[in-house]
Structure formats: structure tokens, C-alpha cells
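Remarks on the overall topology
Spelled out from the first residue to the last, the chains are:
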Amino acid sequence: MPITVLGLDADDTLWHNETFYQMTRQRFNELLADFVDAQTLEAEIEATERRNLGLYGYGAKGFTLCMLETALAVSEGQVSAKALTEILSAGREMMRHPVEPLPGVHDALETLSEQYKLVLITKGDLFHQEAKLAASGLGNFFSGVEIVSEKKADTYTRIFSRHGAGPEHAAMAGNSMRSDVLPALEAGAYAALIPYHLVWAHEDAPPPTAHPRFAELPSLADLSRWLASKA
């Protein structure tokens with residue numbers, strides 16, 4: 001059987017996302033500059049995020065809570081109420097940022113949706129991810145939407161079996177090596193990395209360059225040709 005189902009990541013695959021996190025991190029660094037240098041603060045919030053992933057999950061809400069926790073920790077409770085208020089405001093701005101599809105995404109999805117059953121597979125807060133998909137104007141291209149707490153091999157096995165004939169006849173594409181590529185390959189699917197110019201360290205990993213079901217592609221527009229070569 002050929003590939004019939006194509007899973008697609010959302011953030012930084014279909015629309016900009018990490019850019020807004022980087023902007024918020026910069027503002028966070030400025031607010032805490034009296035207590036700690038930027039490099040140390042980056043390490044502290046990274047550790048806080050990793051420690052809390054199992055509790056808060058992914059997304060802007062969890063990141064905002066991690067900023068507040070980190071601010072209190074590095075300042076030993078001395079951070080001002082004004083700074084904490086600004087951190088909360090920055091978190092709300094992340095939730096409200098405009099959804100801007102990446103160049104060429106609309107046309108690529110139009111082509112791919114004529115060839116495959118498209119399923120959006122994304123991590124993060126349910127409310128926020130649904131709102132971003134609605135705001136993107138891309139929802140009509142997808143036959144299914146799966147918002148999950150984590151992307152593991154059994155996640156892809158379950159989703160691709162529900163929407164098609166299983167992972168052996170499916171492909172996954174996204175910008176995260178750790179979440180979109182490696183577990184999809186482990187499940188038996190094809191997987192394409194479509195890099196974004198900014199990468200959260202948690203989502204990075206060495207590429208499986210020798211794997212016969214893996215490819216790194218310049219853009220979503222190149223996905224149709226690659227998938228056709230695997231038929």
C-alpha cells in the first residue's frame with residue numbers, strides 16, 4: 001500500500017511560533033537584569049521548563065508559569081510586583097500574537113490535501129492550539145486534528161492507525177527532530193524534517209541521515225515530490 005496519511009506539525013512548520021518565544025525571552029532577560037546575567041538566566045529558565053514539562057506540558061501558559069517561577073528563584077523572592085505583572089503581560093501577548101502562516105504553506109497544503117489525508121499533529125495547550133489553527137485559515141485542509149501532550153512512537157502508531165492503515169503507510173513532517181522525526185520513524189512511518197531558523201534546544205537531536213525513510217527538505221513545498229518518490 002502507498003502512503004495515504006500525512007501528519008503535519010503546526011508551530012514553526014505551518015506558522016511562526018518560536019520567534020515570539022525568543023522575543024519574550026529577551027524581554028524576560030531585561031526584566032531580571034538587576035539580579036542575574038542573561039546567560040545564567042537562560043540556563044535557569046531552560047532547567048525550569050524541562051523540570052515542569054510533565055506538569056505544565058508545552059505551550060505559552062506553561063512557559064509563563066516557568067518565567068514566574070524562575071524570576072522568583074533567581075531574585076530570591078526580591079523581584080518586584082511590577083516586574084511580575086510585566087511577565088504575566090508578556091505571557092498574555094504570546095497567547096494573542098497574530099498567526100502568520102509561513103511562505104508557501106497555503107499552496108503546499110492545497111497540493112498535499114489533494115494527494116493525502118492530512119492530519120494536524122501538534123503539542124501544546126488545547127485551547128491555544130485550536131485558536132491558532134482557526135486564526136491561520138488552514139483548517140479546511142485537514143481531515144483530522146490531534147493535539148497531544150507528547151509525541152512518542154506509540155502516539156504516532158495510535159494516530160496513524162486511527163486515521164489510516166497504520167504508520168507503515170503514513171508520513172510525518174515538521175521542524176522538530178526530537179518530536180516530529182525520530183518517534184515517527186520509530187513507529188515505522190516516513191518522516192521529513194523541515195527546518196525553521198530558530199530551534200528550541202529541547203526539540204533538537206542528531207539527524208538519522210542514513211535512515212531510508214528520512215529526509216531533510218528545504219520547505220513544505222518540497223514534500224509532495226519526496227513523498228511521490230516513496231510510492
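Above this text you will find the structure in question.
A brief structural summary. (Residues numbered from 1 in each chain as written. Predicted model: local features only at pLDDT ≥ 70, side-chain atom pairs only at ≥ 80, totals over all residues. Heavy atoms only, no water.)

This part is about the sheet that holds strand E3 (residues 144-148). Ordered in space as E3-E2-E1-E4-E5-E6, the 6 strands form an open sheet in which the pairing is parallel. Taken across any chain shown, the strands that pair with only one partner, and hence form the sheet edges, are E3 and strand E6 (214-216). Averaged over all pairs of adjacent strands, the angle between strand axes in this sheet comes to 20 degrees, irrespective of strand direction. Here 5 bridges tie strand E2 (residues 117-123) to E3, and the two strands are oriented parallel to one another. Opposite Ile 121, over in E3, you have Glu 146 as the bridge partner. Of the strands in this sheet, E2 and E3 are in contact with helix H6 (residues 126-136), which crosses E3 at around 145 degrees. (Pairing = 2+ DSSP bridges. Helix = DSSP H or I, 4+ residues; strand = E, 2+ residues; numbered from the N terminus. Axes fitted to C-alpha atoms, helices over the stretch in contact; angles between N-to-C directions. Contact = heavy atoms within 4.5 Å.)

Burial of strand E1 (residues 5-8) is two-sided: the residues Val 5 and Gly 7 facing one way and the residues Leu 6 and Leu 8 facing the other way are all buried. As paired strands, E1 and E2 are joined by 4 bridges and run parallel to one another. Each residue of the ladder has a partner; that of Val 5, found in E2, is Lys 117. Of the pairings in the sheet, the one linking E1 to strand E4 (residues 170-174) comprises 4 bridges and is parallel in character. Its bridge partner lying in E4, Val 5 is registered against Ala 170. (Buried < 20%, exposed > 50% of the residue type's maximum accessible area, 1.4 Å probe, protein only.)

Below, the discussion takes up the environment of Thr 64. Mapped onto the elements, Thr 64 comes out in helix H3 (residues 60-74). Along the sequence, Thr 64 and Gly 91 sit 27 residues apart, while their C-alpha atoms lie 5.2 Å from each other. In contact with Thr 64, not counting residues within four places along its chain, are Ile 87, Leu 88 and Gly 91.

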